[in-house]
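Commentary on secondary and tertiary structure
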Amino acid sequence: MNAVVIDAFAGAEVPQPDPNPAAEVKPMVRYKGVTKSFGDLQVLKGIDLEMQPGEKVAVIGPSGSGKTTMGRMLMTLEEPTEGTIEVDGELLWHMQEKGRLVRANEKHLHRMRCSVGMVFQHFNLFPHMSVLRNVTEAPRKVLGLSKEEAEERAVSMLGKVGLDDKLKMYPANLSGGQKQRVAIARALVMRPKVMVFDEVTSALDPELVGEVLEVIREIAEEGDMAMMLITHEMDFAKEIADRVIFGADGLIVEQGTPEEIFDNPRSERLQNFLQRFRSN
Amino acid sequence: MVAFFSAVLAIAMSFAAGLSRLSKLWIVRTVTAVYVEIFRGTSLLVQLFWLYFALPFIGIELPKMLAAILAIGFNFGAYGSEIVRSAVLAVPKGQWEASVALNMKPWQRMWNVILPQASLRMLPPFGNQLVELIKSTSLVYFITMADLTYQAMVLRNNYISWTTEILVLLLLMYFVIATLVSMAVRLLERKWTAGRL
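In this text the structure is predicted, and so the values were computed from the model without any measurement. Per-chain numbering applies: the sequence of each chain, read as written, is numbered from 1 onward. The lettering of chains begins at A and the numbering of ligands begins at 1, in the order of writing. Whole-chain, interface and lining totals are the exception, using all residues; otherwise, since this is a predicted model, local features are given only for residues with pLDDT of at least 70 and side-chain atom pairs are given and counted only at 80 or more. Hydrogens and water are ignored here; the side-chain numbers use all heavy atoms of the structure.

This part takes up the overall build of chain A. Looking only at helices and strands, chain A features 11 helices and 12 strands. In terms of principal-axis extent, the alpha carbons of chain A reach across some 65 × 55 × 40 Å. Across the 280 residues of chain A, 52% fall into the buried class. Here a residue-residue contact requires only that any non-hydrogen atoms of the pair lie within 4.5 Å. For chain A, contacts bridging at least 24 residues in sequence account for 62% of all contacts bridging at least 6. A 1.4 Å probe and the Shrake-Rupley method give the accessible areas. Residues count as covered only by the protein chains that appear here. Approximately 13600 Å² of chain A is accessible, and the part contributed by carbon and sulfur atoms is 49%. Counting 34 positive and 43 negative side-chain charges, chain A places the averaged centre of each group 7 Å from the other. In this text, helices come from DSSP runs of H or I with a minimum length of four residues, and strands from runs of E with a minimum of two, each type numbered from the N-terminal end. Working definition: with a 1.4 Å probe on protein chains only, accessible area under 20% of the residue-type maximum means buried, over 50% means exposed, and in between means partly exposed. Working convention for charge: Lys and Arg count positive, Asp and Glu count negative, and His plus the chain ends are omitted. In this description, the location of a charge corresponds to atom NZ of lysine, CZ of arginine, CG of aspartate or CD of glutamate.

Another aspect to go through is the UniProt feature "domain: ABC transporter" (unreviewed entry) in chain A. As recorded in UniProt, the sites labelled "domain: ABC transporter" (unreviewed entry) are residues 29-274 of chain A. Within residues 29-274 of chain A, the helical portion is 37% and the strand portion 28%, while the C-alpha atoms at the span's ends are 27 Å from each other. UniProt positions are given in the numbering used here, feature names are shortened, and annotations may be inferred rather than shown by experiment.

This part covers the interface of chain A and chain B. Contacts between the two partners involve 26 residues from chain A, matched on the other side by 22 residues from chain B. The buried area of a pairing is the accessible area, by a 1.4 Å probe, that goes missing from both parts when the two are put together, added over both. Taking both sides of the interface into account, the surface hidden between chain A and chain B amounts to around 2100 Å²; carbon and sulfur atoms contribute 58%. When the buried surface of chain A facing chain B is broken down by residue, A:Phe126, A:Pro127 and A:His128 rank first, second and third, together holding 25% of it. Put simply, a salt bridge is a Lys or Arg side-chain nitrogen that is within 4 Å of an Asp or Glu carboxyl oxygen. Connecting chain A to chain B are two salt bridges. For the side of chain A that touches chain B, the elements supplying multiple residues, two or more each, are helix H4 (106-113), strand E8 (116-119) and helix H5 (131-141) of chain A. Polar here means any residue outside two lists: the nonpolar Ala, Val, Leu, Ile, Met, Phe, Trp, Tyr, Cys and Pro, and the charged Asp, Glu, Lys and Arg; Gly therefore counts as polar. Looking at the side of chain A that touches chain B residue by residue, the class counts come to 15 nonpolar, five polar and six charged.

What a helix is expected to span follows from its residue count: subtract one and scale by 1.5 Å. Helix length check: helix H8 (residues 163-193) of chain B (31 residues) gives 45 Å between terminal C-alpha atoms against 45 Å at 1.5 Å per residue, within 8%. Of the surrounding secondary structure, the elements contacted by the buried residues of H8(B) are helix H6 (106-136) and helix H7 (148-158) of chain B.

Here we take up the nonpolar core. Only buried residues count toward a nonpolar core. Its members are Ala, Val, Leu, Ile, Met, Phe, Trp, Tyr and Cys residues joined through side-chain atoms within 4.5 Å. Ranked by internal contacts, the top residues of the largest apolar core, which has 90 residues, are A:Tyr31, A:Leu74 and A:Met228. When residues of this core are assigned to their parent elements, the largest contribution, eight residues, is made by helix H8 (residues 206-222) of chain A. Apart from residues no more than four positions distant in its own chain, A:Leu74 is found in contact with A:Val29, A:Tyr31, A:Ile85, A:Val87, A:Leu92, A:Val116, A:Val194, A:Val196 and A:Met228. B:Leu44, B:Leu48, B:Ala67 and B:Met145 belong to the second-largest nonpolar core, a separate cluster that totals 18 residues.

Looking now at the layout of surface pockets. Taken as a whole, the largest pocket encloses approximately 1100 Å³ of empty space. In the cavity and pocket records, a cavity denotes points on a 1 Å grid over the protein atoms alone where a 1.4 Å probe fits but cannot get out, a pocket denotes an open set with protein on both sides within 12 Å along at least 5 of 7 lines, and lining residues are residues with an atom within 4 Å of a point. Taken together, 28 residues make up the lining of the largest pocket; nearest its centre are A:Glu106, B:Lys24, B:Trp96, B:Pro106 and B:Arg109. Of all the elements in the fold, those that place two or more residues in the lining of the largest pocket are H4 of chain A together with helix H4 (64-90), helix H5 (93-101) and H6 of chain B. The residue inventory of the lining of the largest pocket, partitioned by class, reads 15 nonpolar, three polar and 10 charged. In terms of lining residues, the second largest pocket is bounded by 20 residues, among which B:Ile11, B:Phe15, B:Leu123, B:Phe126 and B:Trp192 are the most central. Grid points are joined across faces, edges and corners, and a volume is the space filled by probe spheres set on the points.

All names here are of chain A. Mapped onto the secondary structure, Gln180 falls in helix H7 (residues 176-188). Classification of Gln180 as buried rests on a relative accessible area of 0%. Under the rule applied, a polar contact is a pair of N or O atoms within 3.5 Å (in protein, one hydrogen donor and one hydrogen acceptor; residues adjacent in sequence only if both atoms are side-chain atoms). One polar contact links the side chain of Gln180 to the main-chain carbonyl oxygen of Phe120, over a distance of 2.7 Å. The contact partners of Gln180, leaving out residues within four places of it in the chain, are Val119, Phe120, Gln121, Phe123, Val200 and Val212.

All names here are of chain B. Throughout, an axis means a line fitted to C-alpha atoms (over the contacting stretch in the case of helices), and angles, computed between N-to-C directions, take values from 0 to 180 degrees. Running from N to C, helix H1 (residues 2-20) and helix H2 (residues 26-41) cross one another at 135°; their axes reach a closest spacing of 8 Å. In terms of orientation, H1 lies oblique with respect to H2. Pair H1 / H2 crosses with left-handed handedness. Touching Met13, Ala17 and Ser20 of H1 are Val28, Arg29, Thr32, Tyr35 and Val36, all from H2. Its residues placed into classes, the contact of H1 with H2 shows five nonpolar, two polar and one charged. Orientation is classified from the angle alone, with under 35 degrees giving roughly parallel, over 145 giving roughly antiparallel, 65 to 115 giving roughly perpendicular, and any other angle giving oblique. Should the near helix be turned anticlockwise from the far one by less than a right angle, the crossing is left-handed, and should it be turned clockwise, the crossing is right-handed.

And the structure:
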């Protein structure tokens, strides 16, 4: 018996630090040949993308390049026309039935959505609920936490975004920046493995952008959640992201580290895009 | 009595039919659309006659009270379903999306997120409908039910020279009831909106 135990332990010790850990780890998210059409308009023309667990990926690009659609697909708000998306090694929009891939049903989507969260450009807070209730509603109804557990979790999360003194207020009485911070807390409290931030500062007055970015920066530093940051804030993307993706016309044109993308853009599209941004 | 029960039925039908019309299943949508169009497209009085005088010929005999409640309830339910439907559709798409993003089940999205917001929009038109409904209960006079109007008519037969006074009083009574309902609805509206919008 003993020998077996020791063997098992010995076995566990064997793997050496991999020189290329990314190759070993199962990707958190994987887009494979994903396209999306709305009627005759093809907004995504074949996206291949992998995100590792905990990886922060910034997605930049001109308006109408399909960035937001990409994020919305991961949140199951938009169904891919072709191709597949995997989350944590499992197909998101499809499931196996009698050896064939079929469209996922609501039950499958419900299970898969446990791993994904999203923060929206327009906050989409529930106007009929107090700040606290906005953040406790899903933990109670979806995760089945008790009122006390949910409130404890919510208050600590609202503390993290600096709003634990506004629990009883309604969204209508908050500033845009505060609303967005509540929305971030509301998404975080579900503890997703990957979170989509869809242009979360685009609807804010310029003086309120900073407080929201500060919160996101803190979350990013904590580490273990993968983040897809769809953004127009180039400096922020550069600072936070492990990898930057430049999309245009429904394709990923270029990707690399922030330094490669911002300091050494290779494609002409990206050079023009950054040029325009800097001159603004 | 008739007014109360038919109002309850009307509201229940409004929600049932209003939500069915938004169903993903075309068969549910079609059946509901047929119901709504039939009850909206024909006169309430004829529906009342039909339930009370015509149904017995195919073997269904309804008590006056039930016939009145069903006719008024289904009729106003048909109108109300449009109120429910449009109020649900008027809730911004972002609210649906946020509830999907929080992984709520379809009925939780509807019940916890959409309906509470939609009800607020439904309140004023429902108030209107309710007043309309109360006034329409005078129609049950024609199936010889003893409602307010019927009583007034009896009274008038006995004191024919007081016809004007009796009918003015009748008008006033409907008016008072209607005003009370309007005020109650407005109060409710103010209470629900407090601090939220």
